[in-house]
Amino acid sequence: QVQLVESGGGLVQSGGSLRLSCAASGSISSISVMGWYRQGPGKQRELVAAITSGGSTNYADFVKGRFTVSRDNAKKTVYLQMNSLKPEDTAVYSCNARLIVSINQHKSLDYWGQGTQVTVSS
């Protein structure tokens, strides 16, 4: 079992910055990938950024070099540094952890945090 708790959201002006945190606990040694997703009003959930257990990162195209995902192994925490924020970045941001249950059977489990609200005003 994995538990995830996000923090760091808030209200900022356009062009401002925020750093989101995702603290993990439980069976974290089984996590293969952790990612940040967001869901705006009336929109589908979409991937923002992800980082693997090996440290490889991936970003959505709309990030355009503005966001950076990182991890602190000692604190068991993943971060999302968001710079040059725009009103269209307004959404609930959620942390995701994917665990490989069976490699041979191609099965995995996904765990989600409660989400943190990010609001960017113009």
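This text follows the structure it describes.
These numbers were taken from a predicted model, which means no experiment stands behind them.

Draft legend 1. Main features of the state of the cysteines. Summed over the entire model, instances satisfying the criterion amount to one disulfide. Put simply, Cys22 and Cys95 are joined by a disulfide, and their sulfur atoms are 2.1 Å apart. Handedness here is read from the sign of the S-S torsion; for Cys22 and Cys95, about -85°, the answer is left-handed. In this pair, Cys22 is assigned in strand β3 (residues 18–26) and Cys95 in strand β9 (residues 91–102), connecting sequence segments 73 residues apart. We classify Cys22 as buried; its relative accessible area is 0%.

Draft legend 2. Seen up close, the packing of aromatic side chains. With the rule as written, the count across this model stands at one aromatic pair. Here the aromatic rings of Tyr37 and Trp112 are separated by 5.0 Å at their centres, their planes lie at 65°, and the arrangement is edge-to-face. Of this pair, Tyr37 sits in strand β4 (residues 31–39) while Trp112 sits in strand β10 (residues 107–112); the two residues are 75 residues apart in sequence, bridging distant segments of the chain. Using a relative accessible area of 34% as the deciding quantity, one classes Trp112 as partly exposed.

Draft legend 3. Looking closely at the pattern of salt bridges. Evaluation of the coordinates by the stated rule reveals four salt bridges. Linking Arg66 and Asp89 is a salt bridge whose minimum nitrogen-to-oxygen distance equals 2.7 Å. Linking Arg66 in the loop between β6 (57–59) and β7 (67–72) with Asp89 in the loop between β8 (77–82) and β9, this pair joins segments that are 23 residues apart in sequence. Under the relative-accessibility criterion, Arg66 is labelled buried at 9%. Across the salt bridge formed by Arg98 and Asp110, the nearest N and O atoms sit 3.0 Å from each other. Of this pair, Arg98 sits in strand β9 while Asp110 sits in strand β10; the two residues are 12 residues apart in sequence, bridging distant segments of the chain. The partly exposed category is assigned to Arg98, whose relative accessible area is 37%. Within the structure, one salt-bridge network assembled from shared partners comprises Arg38, Glu46, Arg66 and Asp89.

Draft legend 4. Structural detail: the nonpolar core. Counting 29 residues, the largest nonpolar core has Leu4, Met34, Trp36, Leu80, Met82 and Tyr93 as the members making the most contacts within it. Counting only elements with at least two residues in this core, the list comes to β1 (2–7), β3, β4, β5 (46–52), β7, β8, β9 and β11 (116–121). Element by element, the count of residues in this core is highest for β9, at five residues. Contact partners of Met34, with chain neighbours within four places excluded, come to Leu4, Cys22, Ala24, Ala50, Ile51, Val78, Cys95, Asn96 and Ala97.

Here is what the cut-offs are and how they apply
- Residues numbered from 1 in each chain as written.
- Predicted model: local features only at pLDDT ≥ 70, side-chain atom pairs only at ≥ 80, totals over all residues.
- Heavy atoms only, no water.
- Disulfide = S-S within 2.5 Å.
- Helix = DSSP H or I, 4+ residues; strand = E, 2+ residues; numbered from the N terminus.
- Buried < 20%, exposed > 50% of the residue type's maximum accessible area, 1.4 Å probe, protein only.
- Phe/Tyr/Trp six-rings, centres within 6.5 Å; stacked < 30°, edge-to-face > 60°.
- Salt bridge = Lys/Arg side-chain N within 4 Å of Asp/Glu carboxyl O.
- Core = buried A, V, L, I, M, F, W, Y, C linked by side-chain atoms within 4.5 Å.
- Contact = heavy atoms within 4.5 Å.

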